[in-house]
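# Structural features, examined
So the chains spell out like this:
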Amino acid sequence: YKLATRSKITLAWGLTHWSNGSAATPNLGINVSTMSLGYQHFFGKRTLINNDPLPPVNKRYVTSFFVAAFHKELYPAGGEKYFVGTLYGNCARIISHKSSIGLGADVFYNAGTVESLKREGKPYSDADAWRVGVRLGYYLSLSDFKIAIENGFYVYGELNGDTFIYTRLGVQQKISHHIFLCVNLKSHFARADFFEFGIGYEI
């Protein structure tokens, strides 16, 4: 609420979720809700805002690929870590100066799936460690930094209690014109599956 030309009060609400992404057990997660009341006062000279029109959006297609890996732990706590890896391909269409939408596919490898089937006495093979999924995504670009929100579903692989729908929340940072680093969290609804730390190439 604006009190004067240089002063205002603010009210905000926030929700923070803490998780280890199943890198270790137990992964119970912590949710923290916050509310804040603040006062802002602006000092110094006012800076004029540049209102020149932006150039037209180049609505081109962007293709990207990355490989990522990490580990996850199965119950009980303190047990063995199992390798997880991802092969990722995506084609996105730029729709504004900051936003794009995309369609892509993932190949996942999760060694923990085979171990889970062994423990439960179910039939298993090495192929059960693999899953293939297709997905849709939204991407918010801030210069060389990108935020990704993706939802997909599996078209191949043993689910072993997981839902057939998965979600990826991630960030990407370009380190050159074509190469980027990424950190993602893959989950099944509100339950974390594993983290992905990777390197990719964008065309």
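See above for the structure.
Everything numeric here is computed off the predicted structure, so don't read it as measured data.

Reading the values: rules and limits
Residues numbered from 1 in each chain as written. Predicted model: local features only at pLDDT ≥ 70, side-chain atom pairs only at ≥ 80, totals over all residues. Heavy atoms only, no water. Helix = DSSP H or I, 4+ residues; strand = E, 2+ residues; numbered from the N terminus. Rg over C-alpha atoms; globule rule 2.2 N^0.38 Å. Buried < 20%, exposed > 50% of the residue type's maximum accessible area, 1.4 Å probe, protein only. Contact = heavy atoms within 4.5 Å. 1 Å grid on protein atoms, 1.4 Å probe; cavity = no way out; pocket = protein on both sides within 12 Å on 5 of 7 lines; lining within 4 Å. Points joined across faces, edges and corners; volume = space filled by probe spheres on them. Nonpolar A, V, L, I, M, F, W, Y, C, P; charged D, E, K, R; others polar. Core = buried A, V, L, I, M, F, W, Y, C linked by side-chain atoms within 4.5 Å. Disulfide = S-S within 2.5 Å. Pairing = 2+ DSSP bridges. Axes fitted to C-alpha atoms, helices over the stretch in contact; angles between N-to-C directions. Patch = residues over 30% accessible without salt bridge, like charges linked within 9 Å, V, L, I, M, F, W, Y side chains within 5 Å. Areas by Shrake-Rupley, 256 points an atom, 1.4 Å probe, with all protein chains shown as cover. Salt bridge = Lys/Arg side-chain N within 4 Å of Asp/Glu carboxyl O. Lys, Arg positive; Asp, Glu negative; His and termini not counted. Charge placed at Lys NZ, Arg CZ, Asp CG, Glu CD.

This part takes up the overall build of the protein. Helix and strand counts for the protein stand at one helix and ten strands. The order of α-helices and β-strands along the protein, N terminus first, is β-β-β-β-β-α-β-β-β-β-β. Taken over the C-alpha trace, the protein has a radius of gyration of 22 Å; the compact-globule value for 203 residues is 17 Å, which it surpasses by more than 25%. Summarising its shape, the C-alpha atoms of the protein cover approximately 70 × 40 × 25 Å along the three principal directions. Looking at the protein as a whole, 33% of its 203 residues qualify as buried. Partitioning the intrachain contacts of the protein with sequence separation of at least 6 by distance along the chain shows that 54% fall at a separation of at least 24.

It is worth spelling out empty space enclosed by the protein at this point. In this approach, a probe sized like a water molecule rolls over the atoms, and the result shows the empty space that is left. Enumeration according to the criterion identifies two cavities of 30 Å³ or more in this entry. Of the voids in this model, the largest cavity is the one considered here, and its volume is about 60 Å³. Taken together, V62, S64, Y88, N90, A92, Y139, K146, Q172 and E202 form the lining of the largest cavity. Listed by contribution, the elements that provide at least two residues to the lining of the largest cavity are β3 (61-73) and β4 (81-94). For the lining of the largest cavity, the class distribution of residues is four nonpolar, three polar and two charged. The computed volume of the second largest cavity comes to approximately 40 Å³. Forming the walls of the second largest cavity are F108, Y109, N110, T113, A129, R131, K186, D193 and F194. Looking at the lining of the second largest cavity, the elements with two or more residues in it are β5 (99-110) and β10 (191-202).

Attention now moves to the nonpolar core. Core analysis: the largest hydrophobic core is formed by eight residues, namely F66, A68, Y88, A92, Y139, A148, F180 and C182. Breaking this core down by element, the ones donating at least two residues are β3, β4 and β9 (179-188). When near neighbours in sequence (up to four residues on either side) are disregarded, Y139 contacts Y88, N90, A92, K98, S99, S100, I101, G102, K146, I147, A148 and E150. With five residues, the next largest nonpolar core counts V84, F108, Y166 and F194 among its residues.

Scanning the model with the defined rule gives zero disulfides in all. Free of any disulfide, C91 has its nearest neighbouring cysteine sulfur in C182, separated by 18 Å. What makes C91 partly exposed here is its relative accessible area of 34%. On the accessibility criterion, C182 (3% relative accessible area) is buried.

Time to look at the environment of L103. Its place among the elements puts L103 in strand β5. Along the primary structure L103 and R135 are separated by 32 residues, whereas in three dimensions their C-alpha atoms are 5.9 Å apart. Sequence-distant contacts of L103, that is, excluding residues within four places in its chain, are made with N90, C91, R135 and L136.

Another point: the sheet that holds β3. With antiparallel pairing, the eight strands of this closed barrel are ordered in space as β3-β4-β5-β6-β7-β8-β9-β10. Each neighbouring strand pair of the sheet contributes to a mean axis angle of 25°, computed without reference to strand direction. Across ten bridges, β9 lies against β10 in antiparallel orientation. Among the inter-strand pairings, H188 is bridged to a residue of β10, identified as R191.

A separate point is a positive patch on the surface. Among the surface-exposed residues, K2, R6, K8 and R46 lie close enough to one another that they form a single positively charged patch. In this structure K8 comes out as partly exposed when scored by relative accessible area, which is 31%.

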